[in-house]
Amino acid sequence: MAATKDMTSGKPLPLILNFAMPLLLGNILQQTYSLVDAIIVGKFLGINALASVGASTSVIFLILGFCNGCCGGFGIPIAQKFGARDYDSMRKYVVTSIHLAIVISIVLAVITSLLCSDILTMMSTPENIYDDAYRYLLITFIGIPCTFFYNLLSSIIRAVGDSKTPFWFLLLATILNIVLDLFFILVVGWGVAGAAIATLLAQGISAVLCYIFMVKRFDILKINFRKSKFDRRLASHLLYIGVPMGLQFSITAIGSIMLQSANNALGTACVAAFTAAMRIKMFFMSPLETLGIAMATYSGQNFGAGNPRRILQGVKASLLVMIIYWSFAFIILMTSARYIAMLFVDASEFEILNNAELFLHISVSFFPILGLLCILRYTIQGAGYTGLAMLSGVSEMVARILVSIFAVPAFGYIAVCFGDPTAWIFADTFLVFAFIYVYKKLLQLKDAKG
C-alpha cells in the first residue's frame, strides 16, 4: 500500500519541505523535457522551427493552464475531506472528478483543435513559421485528454499527502518524451510535429500507468467505479472550486497572449529569443510554483482540520524557503544566462542571445515578487477561496494587456521583458489584502465553532 501524509500536525517547515521536494523534482523534470523539446528543435531543425514552437506558447498555457487549474481545484475538496478524515465523502469526490474530467477534456480538445488556424492568425504569427506552428498547436490540443487526466490523478494523489508517486510517473514521462523526441525528429523526420507527438504519447502513457497504480496501491482510494454514481451536488462543488482556478490560469494567459502577440510582431529573432528565455525562466521558477502547490495541499488539509493558525505558520515557512532559493537563482542567471541560452542557438546568434539574456536578468530580479504570488495564491485556493485567487489573475491580465498595448509599441523588446514582472506586482497588490481577508475569515469560523 502506498503512503499518505497528514500535514495537520507537526512543524510546518519540515512538513512542507518534505512534501515539496518530490514536487520540485517533478516540476524540474517537467521543465526539463520542455527544455529538451526546445533544444532538440533549435539545434537540429533551426531558428525558424524553434520560433514556431514558441509562437503559441502563451495560448497553449491558456488552455492547458485551464486544465491544470481545474485539476488542482478538484483536488482541494479531496484534501479537505482527507484532513477532516471523512474518507467516504473523499472517495465520492474522486469519482465525480473523474467523470467531469472525461467531459471537459474531450470538449476542450474538439473546440481548440478546430480553432488553431484562427488563433495563430490573431496572434500575428510570422508567415515563415506559420505551418509548423499550426502543426505543433493542433497536436498539442488533440492531446488535451492525456494532459488533463495525468494532472487530475496527480492532484488526487497529492491531496492525500503523497507527492512522491506523481514524481515517478513524471520521471517516466520525461524519459519517454526525450527518447521519442529524438526518434521522431532525427530518425522518422517528422520535424516540429514529432516533438508535439512525443509529448502527447509520453503524457498519455504516464496517465494510464498512474491510474492503474492509484486504484491498485492506495487502499484509501480503492473505488468500484461501476457501482459509483455521478453526484450532481458534488460536481457542482468541484466546478465551483475548479473552474475559477482554471479561469485564473486562462485569464492570466490572455494577458500573456497579448504580450506574445506584441512580441511576435517584432520579428522571428525576438520570437526565438522569447522562446528560449521563457523555457529557461520556467525552469528556474519551478521551485516557486512548487512551494505554491505544496501550500495548496497543506492549506487544504489544515482548513479541513480547522487549523487556520497553522496555515499562517506555513506561509511564513514557505516565504523563508523562497528567499533562500531566489538568492541562488539570482546568482546563477545573472552570471550564466547567456551561456544557458546557447543550449538553444549557436553562439553566432548575437541578437537572440542578447535578447534572451536581457529577459532573464530582468525576470530573476523580480522572483521574490513571483514567489510571494505563488505562495499566497495557492494558500488562498487551498482554503477554498478560489474566486479571490482568480481575481489576482485578472490583475495579471490587465497589467500584461497595458504593457502590450502601450509599452511594447513605444519601447520594443525591453517592454516585453518587463511584462511579466509588471503583472506579478499587480497580482501581489491584490493578493496581500486578499490573504489578510481570508485569514481573518478562517479565524472567525474557528471561533464560531468554539
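Residues numbered from 1 in each chain as written. Predicted model: local features only at pLDDT ≥ 70, side-chain atom pairs only at ≥ 80, totals over all residues. Heavy atoms only, no water.

A. Seen up close, the overall build of the protein chain. Looking only at helices and strands, the protein chain features 17 helices and 0 strands. If one aligns the C-alpha atoms of the protein chain with their principal axes, the spans along those axes are about 65 × 45 × 35 Å. By residue count, 58% of the 450 residues in the protein chain fall in the buried class. For the protein chain, the accessible area works out to roughly 17,800 Å², and carbon and sulfur atoms hold 68% of it. Side chains of the protein chain carry 30 positive and 21 negative charges; the gap between the two charge centres is 16 Å. (Helix = DSSP H or I, 4+ residues; strand = E, 2+ residues; numbered from the N terminus. Buried < 20%, exposed > 50% of the residue type's maximum accessible area, 1.4 Å probe, protein only. Areas by Shrake-Rupley, 256 points an atom, 1.4 Å probe, with all protein chains shown as cover. Lys, Arg positive; Asp, Glu negative; His and termini not counted. Charge placed at Lys NZ, Arg CZ, Asp CG, Glu CD.)

B. The pattern of salt bridges, seen in detail. Within the structure shown, the criterion is met by 7 salt bridges. Here arginine 377 makes a salt bridge to glutamate 396, at a shortest N to O gap of 2.4 Å. With arginine 377 in helix H14 (residues 367–382) and glutamate 396 in helix H15 (residues 386–411), this pair connects stretches of sequence that are 19 residues apart. Of the two residues examined, arginine 377 and glutamate 396, each falls in the buried class. In this structure, arginine 400 and glutamate 396 form a salt bridge, with 3.2 Å as the shortest nitrogen-oxygen distance. One end of the pair is arginine 400 and the other is glutamate 396, both in helix H15 and 4 residues apart, which spans about a single turn. Each member of the pair, arginine 400 together with glutamate 396, is buried. Within the structure, one salt-bridge network assembled from shared partners comprises Lys281, Arg377, Glu396, Arg400 and Asp420. (Salt bridge = Lys/Arg side-chain N within 4 Å of Asp/Glu carboxyl O.)

C. Just the packing of helix H11 (residues 268–304) against helix H13 (residues 350–365), in detail. For the pair H11 and H13, the least separation of the axes is 8 Å and the interaxial angle reads 40°. The angle between the axes of H11 and H13 places the two elements in the oblique class. In the crossing of H11 with H13, the sense of the turn from one axis to the other is right-handed. Along its contact with H11, which presents Ala269, Cys270, Ala272, Ala273, Phe274, Ala277, Met278, Ile280 and Lys281, the element H13 presents Glu351, Ile352, Asn355, Ala356, Phe359, Leu360 and Ser363. Its residues assigned to classes, the contact of H11 with H13 comprises 12 nonpolar, 2 polar and 2 charged. (Axes fitted to C-alpha atoms, helices over the stretch in contact; angles between N-to-C directions. Parallel < 35°, antiparallel > 145°, perpendicular 65-115°, else oblique. Left-handed = near helix turned anticlockwise from the far one by under 90°. Contact = heavy atoms within 4.5 Å. Nonpolar A, V, L, I, M, F, W, Y, C, P; charged D, E, K, R; others polar.)

D. Spatial organisation of the packing of aromatic side chains. Under the criterion given, the structure shown has 11 aromatic pairs. Ring plane angle 15° and centroid distance 6.2 Å describe the contact between phenylalanine 435 and tyrosine 439, whose orientation is recorded as stacked. Remark: tyrosine 439 and phenylalanine 435 occur in helix H17 (residues 419–449); sequence separation between them is 4 residues, near one turn of the helix. Ring-pair connections join several aromatic residues into one group, and the members of that group are Phe183, Phe184 and Trp190. (Phe/Tyr/Trp six-rings, centres within 6.5 Å; stacked < 30°, edge-to-face > 60°.)

E. Focus on empty space enclosed by the protein. For the coordinates displayed, the defined rule picks out 3 cavities of 30 Å³ or more. In this structure, the second largest cavity is lined by Ser299, Ile311, Thr379, Ile380, Ala383, Phe435, Val438, Tyr439 and Leu442. Among the secondary structure elements, those contributing two or more residues to the lining of the second largest cavity are H14 and H17. At 4 residues, the largest contribution of residues to the lining of the second largest cavity is made by H17. The residue inventory of the lining of the second largest cavity, partitioned by class, reads 7 nonpolar, 2 polar and no charged. (1 Å grid on protein atoms, 1.4 Å probe; cavity = no way out; pocket = protein on both sides within 12 Å on 5 of 7 lines; lining within 4 Å. Points joined across faces, edges and corners; volume = space filled by probe spheres on them.)

F. Spotlight on a nonpolar patch on the surface. A surface patch of nonpolar side chains, about 720 Å² in accessible area, is lined by Phe44, Leu45, Leu182, Phe183, Leu186, Val187, Val188 and Trp190. If one sorts the elements of the nonpolar patch by residue count, helix H8 (residues 164–187) sits on top with 4 residues. You can see valine 187 is positioned in helix H8. Take valine 187: its relative accessible area is 60%, and that puts it in the exposed class. (Patch = residues over 30% accessible without salt bridge, like charges linked within 9 Å, V, L, I, M, F, W, Y side chains within 5 Å.)

G. View of the nonpolar core. One finds Ile280, Phe344 and Phe367 to be the most contacted residues of the largest nonpolar core, which totals 72 residues. A total of 17 residues in this core trace back to one element, the largest contributor, which is H11. The contacts of phenylalanine 367, once residues within four sequence positions are left out, are Lys281, Phe284, Met285, Leu288, Trp326, Ala329 and Trp424. Counting residues in hydrophobic clusters, the runner-up holds 68 residues, among them Ala49, Phe66, Cys67 and Phe74. (Core = buried A, V, L, I, M, F, W, Y, C linked by side-chain atoms within 4.5 Å.)

H. Quick look at the environment of isoleucine 102. For isoleucine 102, the location among the structural elements is in helix H4 (residues 87–114). Along the chain, isoleucine 102 and alanine 133 lie 31 residues apart, while their C-alpha atoms are 27 Å from each other.

I. Main features of the packing of H14 against H15. Running from N to C, H14 and H15 point in directions that differ by 145°, and their axes come no closer than 7 Å. Crossing angle aside, the handedness with which H14 passes H15 is left-handed. Taken together, the residues of H15 that come into contact with H14 (itself represented by Leu373, Arg377, Ile380 and Gln381) are Thr386, Leu388, Ala389, Ser392, Gly393 and Glu396.

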